[in-house]
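# Descriptive analysis of the structure
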Amino acid sequence: MTTTAAEPTAADVFAAARRLAGHATVTPVLRNRILEERVGATVVVKAECLQIGGAFKFRGAYNRLSQLDADERKHGVVAWSSGNHAQGVAAAAQRLGIRATIVMPTDAPAIKVDNTRAMGAQIITYDRHTQDREQIGRDLARERGAIVVPPYDDPHIIAGQGTAALELAAQTRALLNRDLDALLAPCGGGGLISGCALAMSEVSPQTKIYSVEPAACDDTARSLRSGKRESNAPGARTVCDSLMPITPGVLTFAINQQRLAGGLTVTDDDALDAIAFAWRELKIVVEPGGVVALAALLFGGFDCRGQTVGIVLSGGNVDPALYREALGRPMR
């Protein structure tokens with residue numbers, strides 16, 4: 001597939017890293033003996049659940065908003081999100097003095113809604129099963145003259161998200177004096193995994209990149225197999241609320257089709273059990289959508305024996321009741 005003018009490059013990821021320096025958190029990498037013994041591999045865990053706003057989304061949001069000119073900043077920004085992009089945009093806007101309006105589903109976890117509102121954003125709610133969030137957001141932006149900040153299908157967003165992989169590659173070399181054989185990251189619309197793929201194509205081209213999705217919303221995995229953008233079934237539901245797109249993005253799929261080694265899936269039970277594992281063994285809080293890469297190692301049948309594998313835990317904004325449920329499940 002040919003590269004379009006709007007498609008970001010690895011150079012854009014490096015430029016984003018320079019913009020984010022001193023603003024985004026350089027999140028830690030973790031290793032755990034029990035995890036490594038269980039899967040038979042060296043595993044490096046990138047804890048993006050400790051990023052500003054509780055998820056990797058701050059990276060792309062700040063990269064986009066920091067490039068707005070003075071007039072654009074005066075008119076504000078509009079975004080749509082089930083929660084993590086909402087918080088990323090709200091946090092970036094708050095730091096840059098920009099008014100933010102976020103279109104969020106009525107069933108978004110309360111913690112994500114509350115956190116977004118606490119950072120000063122205006123929230124407009126919609127029904128994710130009967131209304132089109134993108135149309136609502138674009139109509140609002142048109143009325144207000146505001147700038148649209150999409151959750152994933154934007155070159156600046158993709159480039160910003162890719163900085164997580166730049167950090168992980170450097171941290172892995174510093175820790176282990178070698179590169180990753182494989183990198184697994186969650187995939188909704190594809191902004192994170194496509195940005196990571198761009199970054200790794202430059203700094204560690206031999207690393208195989210895999211997207212991980214909930215089985216009920218596996219549009220990217222199916223799209224990679226068919227060679228065209230596939231859609232999820234209408235009304236498809238998963239506990240991984242942050243990974244429920246209708247279809248992969250145009251830009252993100254163009255990148256992923258060229259650069260991903262494959263698409264993996266996990267069940268909701270896998271995600272909930274991985275949350276409990278992360279709490280018990282890694283001592284960190286992760287949400288269902290943010291833990292799917294770990295679930296793929298533990299329960300998803302991904303054979304990584306003898307390899308050095310990186311995984312991204314992309315978010316930690318979990319509903320308290322759901323978290324209690326996950327921790328109360330029998331150990332697997």
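Look a little higher up for the structure.
For the structure given in this document, a descriptive report is provided here.

The subject of this paragraph is empty space enclosed by the protein. Taken as a whole and judged by the stated rule, the model has 2 cavities of 30 Å³ or more. In this structure, the largest cavity encloses a volume near 320 Å³. Lys57, Gly188, Gly189, Ser242 and Leu243 are, among the 25 residues lining the largest cavity, the residues nearest its centre. Elements supplying a minimum of two residues to the lining of the largest cavity: helix 5 (84-96) and helix 9 (191-203). A per-class count over the lining of the largest cavity returns 10 nonpolar, 11 polar and 4 charged. There is about 50 Å³ of room inside the second largest cavity. Asp273, Ala276, Phe277, Arg280, Phe299, Arg329, Pro330, Met331 and Arg332 are the residues that line the second largest cavity.

Turning our eyes to something else, we now look at the packing of aromatic side chains. Under the criterion given, the structure shown has 2 aromatic pairs. Their ring planes at 35° and their centres at 5.6 Å tell us that Phe58 and Tyr62 sit as a pair that is tilted. Here Tyr62 and Phe58 lie together in helix 3 (residues 57-65), a separation of 4 residues that amounts to about one turn. Taking the centre distance of 5.0 Å and the plane angle of 65° together, the rings of Tyr210 and Phe302 count as edge-to-face. Here Phe302 lies in the loop between helix 13 (292-298) and strand 10 (308-313) and Tyr210 lies in strand 8 (residues 208-214), a separation of 92 residues in the sequence. For the pair Tyr210 and Phe302, a shared accessibility class is recorded, and that class is buried. The ring of Phe299 is capped by Arg332, whose NZ or CZ atom sits 3.9 Å from the centre of that ring.

The next point concerns the pattern of salt bridges. If you walk through the whole model with that rule in mind, you get 19 salt bridges. A salt bridge links Lys112 to Glu287; its shortest N-O distance comes to 2.7 Å. Placement of Lys112 in helix 6 (residues 110-118) and of Glu287 in the loop between helix 12 (268-282) and helix 13 is noted, with a sequence separation of 175 residues between them. Given the relative accessible area of 1%, Glu287 is considered buried. Look at the salt bridges and you will find they share partners, linking Asp269, Asp270, Asp273, Arg329 and Arg332 into a network.

The rules behind each value
- Residues numbered from 1 in each chain as written.
- Predicted model: local features only at pLDDT ≥ 70, side-chain atom pairs only at ≥ 80, totals over all residues.
- Heavy atoms only, no water.
- 1 Å grid on protein atoms, 1.4 Å probe; cavity = no way out; pocket = protein on both sides within 12 Å on 5 of 7 lines; lining within 4 Å.
- Points joined across faces, edges and corners; volume = space filled by probe spheres on them.
- Helix = DSSP H or I, 4+ residues; strand = E, 2+ residues; numbered from the N terminus.
- Nonpolar A, V, L, I, M, F, W, Y, C, P; charged D, E, K, R; others polar.
- Phe/Tyr/Trp six-rings, centres within 6.5 Å; stacked < 30°, edge-to-face > 60°.
- Buried < 20%, exposed > 50% of the residue type's maximum accessible area, 1.4 Å probe, protein only.
- Lys NZ or Arg CZ within 6 Å of the ring centre and 35° of its normal.
- Salt bridge = Lys/Arg side-chain N within 4 Å of Asp/Glu carboxyl O.

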